Amino acid sequence: MLKDLQVAALIREEHERQQNGIELIASENIVSQQLMQAMGSCLTNKYAEGYPKKRYYGGCEVVDKIEQLAIDRAKALFNAEYVNVQPHSGAQANAAVYLACVKPGDTILGFDLAHGGHLTHGSKANFSGQLYNPVFYGVEEATGRIDMDKVAAKAKEHQPKIILCGASAYSREWEYERFREIADEVGAILWCDMAHPAGVIAAGLLKNPLDYCHIVTTTTHKTLRGPRGGMILMGKDFPNPFGKVWKKSGNPKKMSVLLNSAVFPGTQGGPLEHVIAAKAVAFHEALQPSFKTYQKQVVANAKAMAQAFVDKGYKVISGGTDNHLMLIDLRPKGVTGKQAEETLILADITVNKNMVPFDTESPMVTSGMRIGTPAVTTRGFKEADCVKTVEWMDRILSNIDDAQEIAAVKAEINAYMANYPLFASDEEGVEV
Ligand code: PLP
């Protein structure tokens, strides 16, 4: 029971917002109540700098078991040989990889932020673009897809120490095999940031980057449907991930040791053991057969939405999606991303404005919006609900100055969402 009435009232307000609306932000999801219980537990009281059985604080016997459980479950989920579950977020996981693998001034090759990459992949606004020397590949204007020959040419020209694949707004499968060939050719570390599709990958519906990349990072809160957090993994290349590459770098330490030290003490202090417990719960949920069913629906819903947008005359970058998200270029409709985001929210539809490749607007305005299906699928949406959502969105975007029409759509949505509770009521468990 929350006795702080001010905070309680605000949490209730947010709960209502989530319950009443349609959540289409591709990086968001809705966690289970059991997961929230783990996160809101006494584990938050515990300091545990270090790693299981090698801590700098006493009293870590229990949290050691919790952290090990999270590691073991993540290993099973992604067929990993090495896992670090301590990064507080995706950006923290990425910071640790840089610290472990490159020195300031080294060249890194990543996916352009303006084409769907992430800030931590070399943007000048982020430490990764300030400390290192970033060069970028992007998508082709005509296809919305990455041309791997151009990636190879960029790598040859710039000889990066790291090649990064993975993105925040790319709706297609990645050609990891080709990325690995290119990385091996130039002696680069191949790193995949699978933050967005991690859950779809865990369900086996997309290729597992651990089979191809030296290092993989992820967030745990997007398609993976865990608590907000990050994680670092290595697969088949562990424990000697770099062979010739690693010898060339001259660092004789094992990559697992470097990565662990880069997380703590390199970039973080004490781990959040309550969040790590919630990660363990999420991984357990993701190991159940029902998670595969869920992810299949996530992808089916995304495909249905993308097609519905195309049918209504919207431009979907690359023409569709292989995963949980899509990027819509709104220019054919004469609406900016900012206008779309600000108008859709008036009817309780949440999206984020997003740059589209070769955008003509500024990052604060943008010509596009990014849409994802993880959260609505957790609420129980199927393809027909998603097509209906596109109809609502089109009604709003075709009438952005019509307050009455927008209010009418909002009323329909609020009534509709009452049939899709935020939390499944049939959850069973143990009070802790
Ligand atoms: N990597 C990618 C590809 C992302 O999309 C994001 C967040 O959206 C991050 C990293 C950063 O994650 P966090 O917000 O947890 O720091």
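Every chain is numbered on its own, with residues counted from 1 as its sequence reads. Note on the predicted model: pLDDT of at least 70 is required for a residue's local features to be given, and 80 or more for side-chain atom pairs to be given and counted; whole-chain, interface and lining totals, by contrast, use all residues.

- In the nomenclature of an unreviewed UniProt entry, the chain corresponds to Serine hydroxymethyltransferase from the organism Saprospira grandis.
- UniProt positions are given in the numbering used here, feature names are shortened, and annotations may be inferred rather than shown by experiment. For the chain, the Subcellular location (unreviewed entry) comment in UniProt is given as "Cytoplasm".
- What UniProt states about the chain under its Subunit (unreviewed entry) heading is, verbatim, "Homodimer."

## Some thoughts on the overall build of the chain
Here is step 1 of the chain: In terms of regular secondary structure, the chain is built from 16 helices and 15 strands.
Here is step 2 of the chain: Computation of the radius of gyration draws on C-alpha atoms alone. For the globule rule, the value is 2.2 Å times the number of residues to the power 0.38. For 432 residues, the compact-globule formula gives about 22 Å, and the C-alpha radius of gyration of the chain, at 22 Å, lands near that figure.
Here is step 3 of the chain: Working definition of burial: number of other C-beta atoms within 10 Å of the residue's own, with buried at 20 or more, exposed at 12 or fewer, and partly exposed in between, all C-beta atoms being placed from the backbone. Across the 432 residues that make up the chain, the buried fraction comes to 49%.
Here is step 4 of the chain: Contact between two residues is assigned whenever their backbone-derived C-beta positions fall within 7 Å. For the chain, the share of sequence-separated contacts (at least 6 apart) that also reach a separation of at least 24 residues comes to 72%. Think of it this way: any DSSP run of H or I at least four residues long counts as a helix, any run of E at least two long counts as a strand, and we number them from the N terminus.

## Some remarks on the site of the ligand
Here is step 1 of the chain: Neighbouring the ligand are 15 residues; S89, G90, A91, S168 and A195 lie closest to it.
Here is step 2 of the chain: Broken down by element, the residue count for the shell around the ligand peaks at 3 residues, all from helix 4 (residues 90-101).
Here is step 3 of the chain: Polar here means any residue other than Ala, Val, Leu, Ile, Met, Phe, Trp, Tyr, Cys and Pro, which are nonpolar, and Asp, Glu, Lys and Arg, which are charged; Gly is therefore polar. Tallied by class, residues from the shell around the ligand come to 3 nonpolar, 11 polar and 1 charged. Here, nearness is defined through the C-beta atom: a residue counts as near a molecule or strand if that backbone-placed atom lies within 6 Å of it.

## Things to note about the nonpolar core
Here is step 1 of the chain: Judged by nonpolar contacts, the single largest core of 129 residues is most densely connected at A74, I163, L233 and M305.
Here is step 2 of the chain: Sort the elements by how many residues they give to this core and helix 12 (residues 289-311) lands first, with 10 residues.
Here is step 3 of the chain: Where each domain starts and ends follows an automatic or database-derived domain assignment. Two domains each put at least three residues into this core: domain 1 (33-287) and domain 2 (289-418). Here, a nonpolar core means buried Ala, Val, Leu, Ile, Met, Phe, Trp, Tyr and Cys residues linked by C-beta atoms lying within 7 Å of one another.

## Quick notes on the pairing of strand 7 (residues 162-165)
Here is step 1 of the chain: Because side chains alternate across strand 7, one face comprises the buried residues I162 and L164, and the other comprises I163 and C165, equally buried.
Here is step 2 of the chain: Relative to strand 8 (residues 189-193), strand 7 runs parallel, the two being bridged by 4 bridges. Paired with I163 across the bridge in strand 8 is L190.
Here is step 3 of the chain: A clockwise course of the path from the first strand over the helix to the second, judged with the strands pointing away from the viewer, identifies a crossover as right-handed. In this fold, the crossover linking strand 7 to strand 8 by way of helix 7 (residues 176-186) has right-handed handedness. The pairing criterion is simple: DSSP has to find at least two bridges between the two strands.

## Side note on the packing of helix 12 against helix 15 (residues 383-397)
Here is step 1 of the chain: Think of each axis as a best-fit line through the C-alpha atoms, taken over the contacting stretch in the case of a helix, with angles from 0 to 180 degrees between the N-to-C directions. As a packed pair, helix 12 and helix 15 sit with axes 8 Å apart at the nearest point and diverge in direction by 35 degrees. The element helix 12 and its partner helix 15 pack so that their crossing is right-handed. Listed contacts from helix 15 to A300, N301, A304, M305, A308 and F309 of helix 12 are E383, C386, V387 and V390.
Here is step 2 of the chain: Residue composition of the contact of helix 12 with helix 15, by class: 8 nonpolar, 1 polar and 1 charged. In this scheme the handedness of a crossing depends on how the near helix is turned from the far one: anticlockwise by less than a right angle means left-handed, clockwise means right-handed.

## A short note on the sheet that holds strand 4 (residues 82-84)
Here is step 1 of the chain: Read across the open sheet, the 7 strands follow the order 4-10-9-8-7-5-6; overall the sheet is mixed. Sheet topology places strand 4 and strand 6 (133-137) at the edges, where each strand pairs with a single neighbour. Across the sheet, the mean angle from the axis of one strand to that of its neighbour is 20 degrees, orientation sign disregarded.
Here is step 2 of the chain: Across 5 bridges, strand 5 (residues 107-111) lies against strand 6 in parallel orientation. Among the inter-strand pairings, F111 is bridged to a residue of strand 6, identified as Y137.
Here is step 3 of the chain: Set on the sheet, helix 6 (residues 148-158) makes contact with strand 5, strand 6 and strand 7; between it and strand 6 the angle comes to about 155 degrees.
Here is step 4 of the chain: Across the face of the sheet, helix 10 (residues 255-267) comes into contact with strand 4 and strand 10 (230-234) while running at roughly 5 degrees to strand 4.

## A closer look at the domain arrangement of the chain
Here is step 1 of the chain: Examined at the domain level, the chain breaks down into domain 1 (33-287) and domain 2 (289-418).
Here is step 2 of the chain: Between domain 1 and domain 2, the C-alpha centre-to-centre distance is 28 Å.
Here is step 3 of the chain: Only helix 8 (198-202) and helix 11 (273-286) provide two or more residues apiece to the side of domain 1 that touches domain 2.
Here is step 4 of the chain: Taken together, the residues of the side of domain 1 that touches domain 2 break down into 9 nonpolar, 10 polar and 7 charged.

## Quick look at the UniProt feature "binding site: (6S)-5,6,7,8-tetrahydrofolate" (unreviewed entry) in the chain
Here is step 1 of the chain: According to UniProt, the feature "binding site: (6S)-5,6,7,8-tetrahydrofolate" (unreviewed entry) maps to L113, G117, H118 and L119 in the numbering used here.
Here is step 2 of the chain: Within the secondary structure, L113 sits in the loop between strand 5 and helix 5 (127-131).
Here is step 3 of the chain: On the neighbour-count criterion, L113 (25 C-beta atoms within 10 Å) is buried.
Here is step 4 of the chain: Ignoring any residue separated from it by four or fewer positions in sequence, one finds L113 in contact with H118, L119, H121 and S123.
Here is step 5 of the chain: Setting aside residues up to four positions removed in sequence, L119 forms contacts with L113, A125 and N126.

## Remarks on helix 11
Here is step 1 of the chain: Compared with an ideal rise of 1.5 Å per residue, which puts 14 residues at 20 Å, helix 11 spans 19 Å between its outermost C-alpha atoms and is within 8% of the ideal.
Here is step 2 of the chain: Most of helix 11 is tucked away, with 12 of its 14 residues classed as buried.
Here is step 3 of the chain: For helix 11, the full list of buried residues reads E273, H274, V275, I276, A277, A278, K279, A280, V281, A282, F283 and A286.
Here is step 4 of the chain: If you follow the buried residues of helix 11, they end up packed against helix 2 (33-39), helix 3 (61-78), helix 8 and helix 12. In a helix, the anticipated span is given by 1.5 Å times the number of residues less one.

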